[in-house]
Amino acid sequence: MRPGMTKSVASKLRRIGGFSLIEVLITLLVFSVGLLGYASLQNRAQKAQLEVYQRIYALNLVDYMVDQIRSIPAAQGCFGLSGNEVGTGFSGSYSCSSYGTAETQAQVVDAVNEWSDLLKGSNEVADSKNVGGLLNARGCIVYDDVNETYTVSVVWQGLVETVAPASNCGEASYGGSSSKLRRAVSYVLRPPVLDS
């Protein structure tokens, strides 16, 4: 006890003098739980960011094909893929021998095959493998001759399960009949009718 201190003041100082081992352990436990929560939040944020990136990329691919359909009006009938899906899983080369001239048919074939390559990620290559674009992307173009419209769709595989989209494109390719990993964006185009 220091000179001039009373016994009660000295005993109070001893009681508040430091942390006990239990207090330190509890503090470490609370800090660890907080760090685990933060790591989980970061993981979810990265998945959400990738999902947003993929949706924007898919919208750009849909816009690309819609622009191609609009830019070649003389051979628009060639764009109806008749239920074929291009992109991942499509190993051939698209062809069209009707609608328009041989030149416009060649333009359509080039546009559809280019779109198929973009869906496969050919715009970015590493070690001679396509790594750009979407995960398992497929594209569909459905022509409705009654309404004279095209429905251009891009589907891809998401990272977390959600409700399956209404589009039929890629229906059996992403997790069976439930398709809970399938993502889709679509655009309905009604091109102008050109009289010859």
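Here's what I pulled together on the structure shown here. Given the structure is predicted, the values throughout are model-derived calculations rather than measurements. (Residues numbered from 1 in each chain as written. Predicted model: local features only at pLDDT ≥ 70, side-chain atom pairs only at ≥ 80, totals over all residues. Heavy atoms only, no water.)

1. Here we look at the environment of Ile-72
Working step 1: Topologically, Ile-72 is positioned in the loop between α2 (21–71) and β1 (86–87).
Working step 2: The class of Ile-72 is buried, set by a relative accessible area of 6%.
Working step 3: Here Ile-72 is in contact with Phe-79, Thr-104, Gln-107 and Val-108, once residues within four sequence places are set aside. (Helix = DSSP H or I, 4+ residues; strand = E, 2+ residues; numbered from the N terminus. Buried < 20%, exposed > 50% of the residue type's maximum accessible area, 1.4 Å probe, protein only. Contact = heavy atoms within 4.5 Å.)

2. Let's talk about the sheet that holds strand β5 (residues 149–157)
Working step 1: An order of β1-β4-β5-β6 is seen for the four strands of this open sheet, with the pairing classed as antiparallel. In the strand order of this sheet, the two ends are held by β1 and β6 (182–189), each with one partner.
Working step 2: The pairing of strand β4 (residues 138–144) with β5 spans seven bridges and is classified as antiparallel. The partner of Ile-141 across the bridge, within β5, is Val-152. (Pairing = 2+ DSSP bridges.)

3. A closer look at the pairing of β4
Working step 1: Here β1 runs beside β4; their pairing, made up of two bridges, is antiparallel. Within β4, the position partnered with Val-86 by the bridge is Gly-139.
Working step 2: Adjacent in sequence and paired antiparallel, β4 and β5 are bridged by four residues, among which Glu-148 carries a positive phi angle near 55 degrees.

4. Let's talk about a nonpolar patch on the surface
Working step 1: Taken together, the side chains of Leu-50, Tyr-53, Leu-135, Leu-159 and Val-160 make up a nonpolar region of the molecular surface, amounting to roughly 390 Å² of accessible area.
Working step 2: Among the structural elements, Val-160 can be located in the loop between β5 and β6. (Patch = residues over 30% accessible without salt bridge, like charges linked within 9 Å, V, L, I, M, F, W, Y side chains within 5 Å. Areas by Shrake-Rupley, 256 points an atom, 1.4 Å probe, with all protein chains shown as cover. Salt bridge = Lys/Arg side-chain N within 4 Å of Asp/Glu carboxyl O.)

5. Re the nonpolar core
Working step 1: If you look at the biggest cluster of nonpolar residues, it comprises 32 residues, and the most contacted ones within it are Phe-79, Trp-115 and Val-154.
Working step 2: For this core, the secondary structure elements donating two or more residues are α2, α3 (102–119), β5 and β6.
Working step 3: Grouped together as the second largest cluster of nonpolar side chains are five residues, Val-155, Cys-169, Tyr-174 and Ala-184 included. (Core = buried A, V, L, I, M, F, W, Y, C linked by side-chain atoms within 4.5 Å.)

6. Thoughts on the pattern of salt bridges
Working step 1: Per the counting criterion, the structure on display carries three salt bridges.
Working step 2: Close ionic contact of Asp-67 with Arg-70 constitutes a salt bridge, the shortest N to O distance being 3.9 Å. Here Arg-70 and Asp-67 lie together in helix α2, a separation of three residues that amounts to about one turn.
Working step 3: For Arg-70, a relative accessible area of 43% translates into the label partly exposed.
Working step 4: Of the charged contacts, one joins Glu-85 and Arg-138 as a salt bridge, the two residues approaching to 3.5 Å between their closest N and O atoms. On the criterion of sequence distance, the pair formed by Glu-85 in the loop between α2 and β1 and Arg-138 in strand β4 is long-range, its members being 53 residues apart.
Working step 5: Among the residues examined, Arg-138 registers a relative accessible area of 14% and is labelled buried.

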